[in-house]
Amino acid sequence: MKPILFVQARITSKRFPKKILSKIGGLTLLEILLKKLKKIKNIKKIVVVIPDNKKNDLLQKKLKKLKIAFFRGSEKNVLERFYFAAVKFKAKNIIRITADCPLIDIKIINKTIKRFFSGDYDYATNTMPPTFPDGLDCEIFKFSALEESWRKAKTSHQKEHVTPYIRKMKKFKKVNILNKFNQKKIRLTIDWKKDLVLIKKIFRHFKPK
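Residues numbered from 1 in each chain as written. Predicted model: local features only at pLDDT ≥ 70, side-chain atom pairs only at ≥ 80, totals over all residues. Heavy atoms only, no water.

**Student:** Could you give an account of the overall build of the chain, naming the residues involved and the relevant values?
**Tutor:** Counting secondary structure elements, the chain contains 8 helices and 9 strands. A compact globule built from 209 residues would reach a C-alpha radius of gyration of about 17 Å, and the chain, at 16 Å, matches this within 12%. In terms of its C-alpha atoms, the chain occupies a principal-axis envelope of roughly 45 × 45 × 30 Å. Here the chain holds 209 residues, and 52% of them are scored as buried. (Helix = DSSP H or I, 4+ residues; strand = E, 2+ residues; numbered from the N terminus. Rg over C-alpha atoms; globule rule 2.2 N^0.38 Å. Buried < 20%, exposed > 50% of the residue type's maximum accessible area, 1.4 Å probe, protein only.)

**Student:** Before we move on, could you go through the sheet that holds strand β7 (residues 123-125) and cite the residues and values that matter?
**Tutor:** Read from one edge of the open sheet, 7 strands run β5-β4-β1-β6-β8-β7-β9, paired in mixed fashion. The sheet is open, and its two edges are formed by β5 (69-73) and β9 (174-176), each paired on a single side. Direction aside, neighbouring strands of the sheet carry axes that sit 20° apart on average. Relative to β5, strand β4 (residues 45-51) runs parallel, the two sharing 5 bridges. Bridge pairing links P51 to G73 in β5. Its contacts with the sheet place helix α3 (residues 78-88) against β1 (4-8), β4, β5, β6 (93-98) and β8 (139-142), and it is angled at close to 150° to β1. Lying on the sheet, helix α4 (residues 106-118) is in contact with β6, β7, β8 and β9; it crosses β8 at an angle near 30°. (Pairing = 2+ DSSP bridges. Axes fitted to C-alpha atoms, helices over the stretch in contact; angles between N-to-C directions. Contact = heavy atoms within 4.5 Å.)

**Student:** Any chance you could break down the environment of V49 for me, citing the residues and the numbers?
**Tutor:** Within the secondary structure, V49 is located in strand β4. Residue class for V49 comes out buried when judged on its relative accessible area of 0%.

**Student:** So what about unusual backbone geometry? Which residues, and what values?
**Tutor:** Here the residue pair M128 and P129 is connected by a cis peptide bond, since its omega of 5° sits within 30 degrees of zero. Mapped onto the fold, P129 is located in the loop between β7 and β8. Residue P208 follows K207 across a cis peptide bond; omega there is 5°. Positive phi is not limited to glycine here, since K90 has a value of about 55°. Position of K90 among the secondary structure elements: in the loop between α3 and β6.

**Student:** Talk me through the packing of α3 against helix α5 (residues 143-152); I want residue IDs and the actual numbers.
**Tutor:** The angle between the axes and the distance between the axes are what describe a pair of packed helices. The contact between α3 and α5 brings their axes to 10 Å, and the two run at 135°. As far as their axial angle goes, α5 and α3 are oblique. Note on packing geometry: the crossing formed by α3 with α5 is left-handed. Here L79, E80, F82, Y83, F84, A86 and V87 of α3 come into contact with α5, specifically with F143, L146, E147, S149, W150 and R151. (Parallel < 35°, antiparallel > 145°, perpendicular 65-115°, else oblique. Left-handed = near helix turned anticlockwise from the far one by under 90°.)

Structural data, given as structure tokens:
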């Protein structure tokens, strides 16, 4: 069964508000990411999961304009947001990507999907341990694992970051994708305004690709 790709997004980041609506070459970071994700062939649908508070209404308007499916749920309990999104869209397998990673590599995502289905795994990732640059993170997990997490997760950390419960519990069958070289110290994600400066330089360097 083809997985549904959930993009975790918000515009209320304390460190860099509205960062995913920052533009490079006329497109927002969110648009750049979605344009790239649409090239993945082995997925059923792309859904952006966003907080249900008024501050993120602007993000909803943007997604409607782009004609991208979205789901709104708890801002702080992201695990719950993902669970109810999965229920609504009847997702049996879920890919989790965060919206502040415009340089995400679809080859890595495709490799993770392939590995996930190769051994009837509950969870596949490239971050356990991380060997790829920060900003190329990918996770895929079964709905059954997500549901148990939603029912049994206790800590705020588990609820905010969606998969810590799955990663911790030995009962789940897990697999990790390793990079040929350990590049975990490289940052290609956007948490601060200075990160955006670097990302813009990278885009300019490789333009028009």
